[in-house]
Amino acid sequence: MKITDIKIHLMRAPLARPFRISLGVITHAVSCLVEVETDEGITGYGEGAPGPLITGENLEGTVATIRVLKEKLVGMDPRDMEAVYTVMNRVVAYAGTAKAAIDIACHDIMGKSAGLPLYRLLGGLSNELETDITVGIDAPEVMAEQAKAHVQAGFRVIKTKVGTDIVSDLARVRAIREAVGDGVKIRLDANQGWKRKEAVEFLNRLNEYDIELVEQPVARYDLEGLKYVTAHSLVPVMADESCWDAKDALKLVSERAADLINIKLMKCGGIYEAKKIIHIAEAAGVECMLGCMVEESGIAVNASAALGAAMKNVTRADLDACFFLSDVPFEGGFEVRDTRRLILSEDSGLGIRHLKGDMLS
Ligand code: MG
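Residues numbered from 1 in each chain as written. Predicted model: local features only at pLDDT ≥ 70, side-chain atom pairs only at ≥ 80, totals over all residues. Heavy atoms only, no water.

Caption draft 1: Quick peek at the overall build of the chain. For the chain, the helix and strand inventory stands at 13 helices and 16 strands. Its C-alpha atoms give the chain a radius of gyration of 20 Å, near enough to 21 Å, the size a compact globule of 361 residues would have. Once the C-alpha set of the chain is aligned to its principal axes, its extents read approximately 60 × 40 × 35 Å. With 361 residues in all, the chain has 60% of them scored as buried. Look at the contacts in the chain between residues 6 or more apart in sequence, and 74% of them connect residues 24 or more apart. Accessible area of the chain: about 14,000 Å², with a carbon and sulfur share of 48%. Positive and negative side-chain charges of the chain, numbering 42 and 53 respectively, have mean locations separated by a distance of 2 Å. (Helix = DSSP H or I, 4+ residues; strand = E, 2+ residues; numbered from the N terminus. Rg over C-alpha atoms; globule rule 2.2 N^0.38 Å. Buried < 20%, exposed > 50% of the residue type's maximum accessible area, 1.4 Å probe, protein only. Contact = heavy atoms within 4.5 Å. Areas by Shrake-Rupley, 256 points an atom, 1.4 Å probe, with all protein chains shown as cover. Lys, Arg positive; Asp, Glu negative; His and termini not counted. Charge placed at Lys NZ, Arg CZ, Asp CG, Glu CD.)

Caption draft 2: Expanded view of the packing of helix α2 (residues 59–73) against helix α4 (residues 96–114). Two elements in contact, α2 and α4, have axes whose closest approach is 9 Å; the angle formed by their N-to-C orientations is 50 degrees. In this view, α2 runs oblique relative to α4, as classed from their interaxial angle. Relative to α4, the crossing made by α2 is right-handed. Packed against α2, whose contacting residues are Thr62, Thr65, Ile66, Leu69 and Leu73, the element α4 presents Thr97, Ala98, Lys99, Ala101 and Ile102 at the interface. (Axes fitted to C-alpha atoms, helices over the stretch in contact; angles between N-to-C directions. Parallel < 35°, antiparallel > 145°, perpendicular 65-115°, else oblique. Left-handed = near helix turned anticlockwise from the far one by under 90°.)

Caption draft 3: Summary view of the packing of aromatic side chains. Considering all chains together, one arrives at four aromatic pairs under this definition. Taken together, a centroid distance of 4.3 Å and an interplanar angle of 20 degrees make the contact between Tyr85 and Tyr272 stacked. On the criterion of sequence distance, the pair formed by Tyr85 in helix α3 (residues 81–91) and Tyr272 in helix α12 (residues 271–283) is long-range, its members being 187 residues apart. Across the pair, exposure class does not vary: Tyr85 and Tyr272 are buried alike. Ring centres of Trp194 and Phe202 lie 4.8 Å apart, and the angle between their planes is 75 degrees; this geometry places the pair in the edge-to-face category. (Phe/Tyr/Trp six-rings, centres within 6.5 Å; stacked < 30°, edge-to-face > 60°.)

Caption draft 4: Here's a closer look at the coordination of the magnesium ion. The protein atoms that coordinate the magnesium ion are Asp189 (OD), Glu215 (OE) and Asp240 (OD), at distances of 2.0 to 2.2 Å. Read N to C, the donor residues that coordinate the magnesium ion are spaced as D-x25-E-x24-D. Taken together, the residues Glu215 in strand β8 (residues 211–215) and Asp240 in the loop between β9 (237–239) and α10 (246–254) connect sequence positions 25 residues apart. Residue Glu215 is classed as buried on the basis of its relative accessible area of 0%. What makes Asp240 buried here is its relative accessible area of 0%. (Donors = N, O, S within 2.8 Å, 3.2 Å for Na, K, Ca; no water.)

Caption draft 5: Up close: the pattern of salt bridges. Applying the stated criterion across every chain yields a total of 28 salt bridges. Measuring nitrogen to oxygen at the nearest pair gives 2.9 Å for the salt bridge that ties Lys312 to Glu282. Taken together, the positions of Lys312 in the loop between α13 (299–310) and β12 (314–318) and Glu282 in helix α12 put the pair 30 residues apart, joining distant regions of the chain. Residue Lys312 is classed as exposed on the basis of its relative accessible area, which comes to 57%. Taking relative accessible area as the criterion, Glu282 reaches 32% and is therefore assigned partly exposed. Among the ionic contacts, a cluster of salt bridges with common partners joins Asp132, Arg187, Glu212, Glu287 and Arg316. (Salt bridge = Lys/Arg side-chain N within 4 Å of Asp/Glu carboxyl O.)

Caption draft 6: Representation of helix α8 (residues 196–205) in the model. All of the buried residues in α8 are Ala199, Val200, Phe202 and Leu203. If you follow the buried residues of α8, they end up packed against α7 (166–180), β8 and α9 (223–232).

Caption draft 7: View of the layout of surface pockets. The computed volume of the largest pocket comes to approximately 650 Å³. Every residue lining the largest pocket is counted, 31 residues in all, and those nearest its centre are Tyr94, Trp244, Asp245, Asp248 and Lys267. Elements with a minimum of two residues in the lining of the largest pocket: α3, α4, α10, α11 (265–268) and α12. When residues of the lining of the largest pocket are assigned to their parent elements, the largest contribution, five residues, is made by α10. Taken as a whole, the second largest pocket encloses approximately 290 Å³ of empty space. (1 Å grid on protein atoms, 1.4 Å probe; cavity = no way out; pocket = protein on both sides within 12 Å on 5 of 7 lines; lining within 4 Å. Points joined across faces, edges and corners; volume = space filled by probe spheres on them.)

Caption draft 8: Examining the nonpolar core more closely. If you look at the biggest cluster of nonpolar residues, it comprises 99 residues, and the most contacted ones within it are Trp194, Leu206, Ile261, Ile263, Ile299 and Leu307. Looking at which element gives the most residues to this core, the answer is α13, with nine residues. The residues touching Leu206, leaving out its near neighbours within four places in the chain, are Leu170, Val173, Leu188 and Ile211. (Core = buried A, V, L, I, M, F, W, Y, C linked by side-chain atoms within 4.5 Å.)

Pasting the structure below:
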């Protein structure tokens, strides 16, 4: 089997409401969808959604990188991931988003070629997972109201964005816990918003609100700071922006700098690299979560869900991007049950049947 073409489609869709995190505001899902075509008539679907606030990438750059990669990948067998990845890394450094688009499409082809749904190809532990839902930064009463509505709709885990200042953050967490009551998990994401000592002070004051974990309390490059918070906080600490790829994961776990790791296909460059992170973390007794970019359309969320369901060391999921869109630009993929459960397709590959042209350019 050989790759014959890589087609690129662009999506720009407004989010149900602007989404604020400590780094800025996101108003649209902006993404690059790819179709990797082969000489055997199998087409693989993939997606690269640049999150400028997190990865520093943008749509124009992602499209340009995919075009450069295409020049080298046409003629290769998309199922030879080790070879595909070696070529991609030789052509361009970093660029996780562009690589993820191709990686996801190649995995879709592998599944289709083997006649297996992707979750079975990747390990097959389970065919479903439960996602949380995220509440963006806002006034405490607004966030509490949104959290309550999500719980009433069926979600059991609320991820709350924080990281502005400790007084406001404390009011946010208190209001949300009071609104949702006991029995609902609350996880926090500070998106690098705090300094190490204030983070520890704050997290220890939060203990009474029964917080499951906090993502990325300090700046992504401050590994010493992350280690300090992990050592002194009663709330478990998850590395997100501090963990890009397998090399970061190895450093984090060997220095015990985080209790947990959040993996995103757009950061690490796809399933190929994500599996390495999961294995490294598992060997160190560190559990992983699969996350997504708010900018994603749902194709990459399907790939992340398949990986997360398939592998034992993925114990949490933050795969809520498609809930912020009024429609998704494809047919097929997972089915949502009880609001929070993503039930993976039994069709081969990702189970995505076709793209919807009216949402794409
Ligand atoms: Mg995060």
